[in-house]
Amino acid sequence: MNRSVVPSTPVVDAEPADTALPSGLIDQIASGFGDDAAMGHLADAQLLITLNLLSRVRERAVGRHAFATDGWVMLERLDGEALAAVGEVLAHPYVRAWAMRCLQPGDDCRDHVGYVNSLAAAAALRADRAVDLRVPIVGDRVHLPTVGTVYLPGANASVAELWSVGRGFTLRVGATLVTVDGLDAPAGESWQPARRIECDGLSLLIEDGDPYRDCHQWAPSGRASSTDGARWQEHVAAAWRLIRGDAADYVPGLLAGLRTVAPLAADPGGLMRASTSRDAFGSVASVLAEPAALAVILVHEFQHGKLGALLDLCQLLDPSSTEMFMVPWRTDPRPHEGVLQGTYAHVAVADMWRRRADQSGPQQMTARKHYRQYRDWSEVGLDVLLRHPDVLTVSGRRFVQVMAAGVAGWAA
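What counts, and where the lines are drawn
Residues numbered from 1 in each chain as written. Predicted model: local features only at pLDDT ≥ 70, side-chain atom pairs only at ≥ 80, totals over all residues. Heavy atoms only, no water. Salt bridge = Lys/Arg side-chain N within 4 Å of Asp/Glu carboxyl O. Helix = DSSP H or I, 4+ residues; strand = E, 2+ residues; numbered from the N terminus. Buried < 20%, exposed > 50% of the residue type's maximum accessible area, 1.4 Å probe, protein only. Contact = heavy atoms within 4.5 Å. pLDDT = per-residue confidence, 0-100. Expected span 1.5 Å × (residues − 1). Pairing = 2+ DSSP bridges. Axes fitted to C-alpha atoms, helices over the stretch in contact; angles between N-to-C directions.

Caption draft 1: Structural context of the pattern of salt bridges. Overall, the coordinates contain 23 salt bridges when judged by the stated rule. Among the salt bridges present, the one from Asp246 reaches Arg356, with a minimum N-O distance of 2.8 Å. Taken together, the residues span a long stretch of sequence, with Asp246 in helix α8 (residues 226-246) and Arg356 in helix α11 (residues 336-357) at a distance of 110 residues. The same class applies to Asp246 and to Arg356, which are both buried. Residue Arg354 is joined to Asp351 by a salt bridge in which the shortest nitrogen-to-oxygen separation is 2.7 Å. Pair noted here: Arg354 and Asp351 are both in helix α11, with a separation of three residues, about one helical turn. According to the relative accessible area criterion, Arg354 is partly exposed, its value standing at 24%. For Asp351, a relative accessible area of 2% corresponds to the buried category.

The structure is reproduced here in structure tokens:
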């Protein structure tokens with residue numbers, strides 16, 4: 001099961017501090033994998049960063065919103081009464097994306113901060129606690145992270161009233177009432193429960209309702225139909241089984257950190273789209289792909305999230321460096337972080353194709369071709385970084401050396 005425990009330590013600033021890292025953490029992540037302890041540390045640190053951001057949002061929003069205070073008060077109370085429920089909601093990847101939106105310069109804070117009531121309502125419902133809050137309507141819906149989404153097409157309002165009823169809740173917008181009999185109530189025209197996948201130890205959400213999932217490179221898709229939702233469930237489950245066979249060393253990291261897959265709008269030309277966001281650790285966004293391709297996407301994109309989580313804690317790159325580099329997977333010059341991120345992800349993809357290339361069958365030649373391409377890209381990226389050690393810190397040089405040692409043992 002995915003790790004989702006709120007640390008009992010106080011909220012702290014999340015400036016990179018190598019001395020605070022557990023012994024061996026850099027080597028664990030540089031290997032491309034990360035054991036339970038390493039990934040647990042990253043996941044806990046990400047949650048602390050989110051908590052720190054929430055504290056900043058609350059300070060900034062004082063007196064600037066009509067009803068957000070009620071949400072903060074309820075979250076604070078639940079934090080003492082139902083820690084696990086609060087932790088599950090606040091560890092949802094797009095909570096950090098929402099907090100970052102609130103902290104952007106300008107007056108956007110008052111436009112977004114009311115969403116804290118949706119967080120509080122979600123936590124209360126998960127904990128089976130009474131709740132009576134005003135919640136924002138964002139777009140055409142009220143989203144309750146990790147719980148579900150109430151759709152209100154044509155609602156001419158920005159606020160709804162929500163109160164608990166038994167193990168469910170009722171939402172009122174003007175004369176419109178939507179009652180959800182329980183959190184496991186089946187989907188309907190107005191209600192979409194969280195789409196959770198449980199498969200061979202993996203537990204994650206197909207997230208098609210969160211209004212802050214637009215932090216990815218491409219636009220998210222809309223609400224998935226029942227047919228598309230079932231296809232997502234089927235393809236992710238099949239992809240996970242392939243990962244367990246083709247990339248078993250990456251499984252502990254994915255189990256500890258991957259929490260959501262967010263469907264992206266399809267490319268008009270049929271190109272593959274996938275993305276991660278530094279502000280949404282634990283999420284991968286992708287178009288619906290066949291299981292074999294989706295397995296590669298999940299491993300590839302989660303590597304970006306994993307490295308981003310480490311970069312939140314540890315300075316691997318010289319922040320003063322502005323040097324740009326050419327790499328074979330891009331046509332434009334890349335900064336040092338782009339080279340490091342691309343190389344790190346491509347090493348994992350090469351490793352996956354390397355293992356597939358060892359399997360006899362009709363796809364073996366294709367697997368060998370992909371392996372050579374991604375191995376070559378990885379070697380070029382590593383060479384760029386190793387030939388320019390001045391763009392790396394001491395920890396960064398160690399990180400790249402560990403990566404390079406792993407690739408050096410692969411067959412040509």
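Caption draft 2: The environment of Val89, seen in detail. With respect to the helices and strands, the residue Val89 is situated in helix α4 (residues 83-90). Between the alpha carbons of Val89 and Val147 there is a distance of 8.7 Å; along the sequence they are 58 residues apart. In contact with Val89, other than residues within four places in its own chain, are Val95, Leu119, Ala122, Ala123, Arg126, Pro145 and Thr146.

Caption draft 3: A look at the side chain of Ser275. With respect to the helices and strands, Ser275 occurs in strand β11 (residues 274-275). Accessibility expressed as a relative area gives 5% for Ser275, which makes it buried. Sequence-distant contacts of Ser275, that is, excluding residues within four places in its chain, are made with His216, Gln217, Trp218, Val284, Ala285 and Glu301.

Caption draft 4: The confidence of the model for the protein chain, seen in detail. Looking at the protein chain, the pLDDT average stands at 92 and 95% of residues meet or exceed 70. Every residue in residues 1-17 is under pLDDT 50, and counting partners more than four places away or in other chains gives 49 contacts.

Caption draft 5: Molecular detail of helix α10 (residues 291-311). Spanning 21 residues, α10 covers 30 Å between terminal C-alpha atoms, matching the ideal 30 Å at 1.5 Å per step. For α10, the buried fraction is high: 19 of the 21 residues fall into the buried class.

Caption draft 6: Focus on the sheet that holds strand β8 (residues 195-199). Across the sheet, which stays open at both edges, the five strands sit in the order β8-β9-β10-β12-β11 with mixed pairing between neighbours. Strands at the two margins of the open sheet, each flanked by one partner only, are β8 and β11. Sitting on the sheet, α8 touches β8, β9 (202-206), β10 (260-263) and β12 (283-286), and the angle it makes with β8 is about 30°. Against the sheet, α10 makes contact with β10, β11 and β12, and its axis sits at roughly 135° relative to β12, the strand it touches most.

Caption draft 7: Broad picture of the pairing of strand β4 (residues 159-165). Taken together, the five bridges between strand β1 (residues 132-136) and β4 define a ladder with antiparallel strand orientation. Following the sheet pairing, Val135 is matched in β4 by Ala160. Strand direction decides the pairing type here: β4 and strand β5 (residues 168-173), joined by five bridges, are antiparallel. From the neighbouring strand, Val165 faces β5, where its bridge partner is Gly168. Between β4 and β5, which pair antiparallel in sequence order, lie two residues; one of them, Gly166, sits at a positive phi of approximately 60°.

Caption draft 8: Structural view of the pairing of β9. When you tally the buried positions in β9, you get five out of five residues, the bulk of the element. Burial along β9 is two-sided: the residues Leu202, Leu204 and Ile206 and Ser203 and Leu205 are all buried. Note that β8 and β9 share five bridges and pair antiparallel. Bridge pairing links Ile197 to Leu204 in β9. Count of turn residues in the β8/β9 antiparallel hairpin: two residues, of which Asp200 carries a positive phi of about 50°. Pairing geometry for β9 and β10, over two bridges, is parallel. Each bridged residue has a counterpart across the sheet, and for Leu205 the counterpart in β10 is Thr260.

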